[in-house]
Each structure stands twice: as C-alpha cells, then as structure tokens.
Amino acid sequence: VTPVGGISGTVFGGLLADYCQRNGGPHRTMSCLVLLCATTIPLGLFGIAPSWMMASVVLALLVAVLTATCVMASTLFMIVIPNEIRGFTYGLFGGVGALLGGFSPLLVSGVSGMLGGEMMIGQSLTLVCVVSTMFATIVYAVARRHFVGARVF
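Bear in mind that the values here come from a model prediction, so they are computed numbers and not experimental data.

What counts, and where the lines are drawn
- Residues numbered from 1 in each chain as written.
- Predicted model: local features only at pLDDT ≥ 70, side-chain atom pairs only at ≥ 80, totals over all residues.
- Heavy atoms only, no water.
- 1 Å grid on protein atoms, 1.4 Å probe; cavity = no way out; pocket = protein on both sides within 12 Å on 5 of 7 lines; lining within 4 Å.
- Points joined across faces, edges and corners; volume = space filled by probe spheres on them.
- Helix = DSSP H or I, 4+ residues; strand = E, 2+ residues; numbered from the N terminus.
- Expected span 1.5 Å × (residues − 1).
- Buried < 20%, exposed > 50% of the residue type's maximum accessible area, 1.4 Å probe, protein only.
- Contact = heavy atoms within 4.5 Å.
- Core = buried A, V, L, I, M, F, W, Y, C linked by side-chain atoms within 4.5 Å.
- Axes fitted to C-alpha atoms, helices over the stretch in contact; angles between N-to-C directions.
- Parallel < 35°, antiparallel > 145°, perpendicular 65-115°, else oblique.
- Left-handed = near helix turned anticlockwise from the far one by under 90°.
- Nonpolar A, V, L, I, M, F, W, Y, C, P; charged D, E, K, R; others polar.
- Disulfide = S-S within 2.5 Å.
- Phe/Tyr/Trp six-rings, centres within 6.5 Å; stacked < 30°, edge-to-face > 60°.

### Some points on the layout of surface pockets
So, point 1. For the largest pocket, the calculated volume is near 1,500 Å³.
So, point 2. Lining the largest pocket are 44 residues, with Leu-66, Gly-97, Leu-100, Ser-132 and Ala-136 positioned closest to its centre.
So, point 3. Elements that contribute at least two residues to the lining of the largest pocket include exactly α2 (25-43), α3 (52-80), α4 (83-115) and α5 (121-144).
So, point 4. Per-element tally for the lining of the largest pocket: the top contributor is α4, with 14 residues.

### Structural notes on α5
Residues three or four positions apart in an α-helix share a direction because the helix packs 3.6 residues into each turn.
So, point 1. With 24 residues, α5 extends 34 Å from end C-alpha to end C-alpha; this agrees with the ideal 34 Å at 1.5 Å per step.
So, point 2. Buried within α5 we find Gly-122, Ser-124, Thr-126, Val-128, Cys-129, Val-130, Thr-133, Thr-137 and Tyr-140.
So, point 3. Along its buried surface, α5 packs onto α2, α3 and α4.

### Observations concerning α4
So, point 1. Across its 33 residues, α4 extends 47 Å between first and last C-alpha, which sits within 8% of the 48 Å expected from 1.5 Å per residue.
So, point 2. Along its buried surface, α4 packs onto α3 and α5.
So, point 3. Gly-116 sits one or two residues past α4 and shows a positive phi near 135°.

### Regarding the side chain of Thr-29
So, point 1. In this fold, Thr-29 is placed in helix α2.
So, point 2. Using a relative accessible area of 0% as the deciding quantity, one classes Thr-29 as buried.
So, point 3. In this structure, Thr-29 is in contact with Ala-17, Cys-20, Gln-21, Met-72 and Leu-76, ignoring residues within four places of it in sequence.

### Describing the nonpolar core
So, point 1. Counting residues in each nonpolar core, the largest one holds 25 residues, and the members touching the most others are Met-72 and Tyr-140.
So, point 2. Looking at this core, the elements with two or more residues in it are α1 (2-22), α2, α3 and α5.
So, point 3. For this core, the leading source of residues is α3, giving 10 residues.
So, point 4. With residues up to four places along the chain from it excluded, the contact list for Met-72 reads Gly-13, Leu-16, Ala-17, Cys-20, Thr-29, Cys-32, Leu-33 and Leu-36.

### Points about the packing of α2 against α5
So, point 1. Put simply, α2 and α5 touch, their axes get as near as 8 Å, and they point 165° apart. Between α2 and α5, the angle is such that the two are roughly antiparallel. With respect to the hand of their crossing, α2 and α5 are arranged in left-handed fashion. Contacts between α2 and α5 involve His-27, Met-30, Ser-31, Leu-33, Val-34, Cys-37, Ala-38, Thr-40 and Ile-41 on the former and, on the latter, Val-130, Thr-133, Met-134, Ala-136, Thr-137, Tyr-140, Ala-141, Ala-143 and Arg-144.
So, point 2. Looking at side-chain class alone, the contact of α2 with α5 contains 12 nonpolar, 5 polar and 1 charged residues.

### Brief notes about the state of the cysteines
So, point 1. The tally for this structure, following the rule as stated, stands at 0 disulfides.
So, point 2. We note that Cys-32 lacks a disulfide partner, and the nearest cysteine sulfur, in Cys-20, lies 4.0 Å from it.

### Focus on the packing of aromatic side chains
So, point 1. Summed over the entire model, instances satisfying the criterion amount to 2 aromatic pairs.
So, point 2. With a centroid separation of 5.8 Å and 80° between ring planes, the pair formed by Phe-77 and Tyr-90 is classed as edge-to-face. With a gap of 13 residues between them, Phe-77 in helix α3 and Tyr-90 in helix α4 connect regions that are remote in the sequence.
So, point 3. Judged by relative accessible area, which is 29%, Tyr-90 ranks as partly exposed.
So, point 4. Where Phe-77 meets Phe-93, the ring centres are 4.9 Å apart and the plane angle is 75°; that geometry is what we call edge-to-face. Pair noted here: Phe-77 is in helix α3 and Phe-93 is in helix α4, with a separation of 16 residues, a long-range link.
So, point 5. Here the aromatic residues Phe-77, Tyr-90 and Phe-93 are joined through ring pairs into a cluster of three or more.

Everything listed here is a matter of geometry and, on its own, says nothing about what the molecule does.
Rendered as structure tokens:
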C-alpha cells in the first residue's frame, strides 16, 4: 500500500505542481495544496474502515495525496524562497516534519491508551490523522493569503 501510494503521489504531485505553476503560479499552487489537504481529512478515516480491503485502498489514497502535497510544497519552496535562505528553509521544513513524524506514533499510542487500550488503536489513529490533516489544511489556507501576486525569485 505504501509504495503504491508513495510512487503515484510523487508522480501526481510533480505533474500537478508543474501544471499549477504554468497556469497561475504560486497562488494556484497554494490553492491546490489547500484542496489536497482538505481531501486528506476524510481519507484519515481509514483506521475505522469496515474491512481491511477498504482500509488498504483508503490508506493508499491518503499516502498518495500526502506525498503529492509534500512534492508540491517542495516545488513551491524552490520557486518562492530566495536562494540565500533556501537551504535554511528546507532544513527547517525537514526538521519540523521529522519532529512531528517522530511524535505522531507516541501521540497515537497515548490517545489509544486514553480511549481504552490496544483495541482502540484504529480509532486513535483515525483521530490523530483527522485532527492533524485539519490543522494542515488550516495552515495552508492561512498561508495561501500571502501568495496573491507572490514574487518568484
């Protein structure tokens, strides 16, 4: 599931980033990022899917959309961040991503414990995924306001 979602998301994100940049620039790319993030909210419900097959399909879609979002965000960084601070920006982006990625399993485990133990791992994973993707959607939506007429370096 992960390789299929990751590879297809990378290709889709690259093609979509190119299309958005050619047809609207950074503002269009940010608008698309907001829409992609919004689609991850219902996809985050994979943890409570009624069957393993449905959970696998929804998880593959979630991985694909999240990967596409990361590719588009990286593309946007290359275009709008000046050369002088691009390395720092990528480092900060990667560091925050690694920090949050490392914290997420602990959060899922903690929420599972609060909900009733190991048997609640699906519900816990769903709750963490949905809340975090809602937060990401809000962050991209707020950031989008700053990309109207954005300069390209």
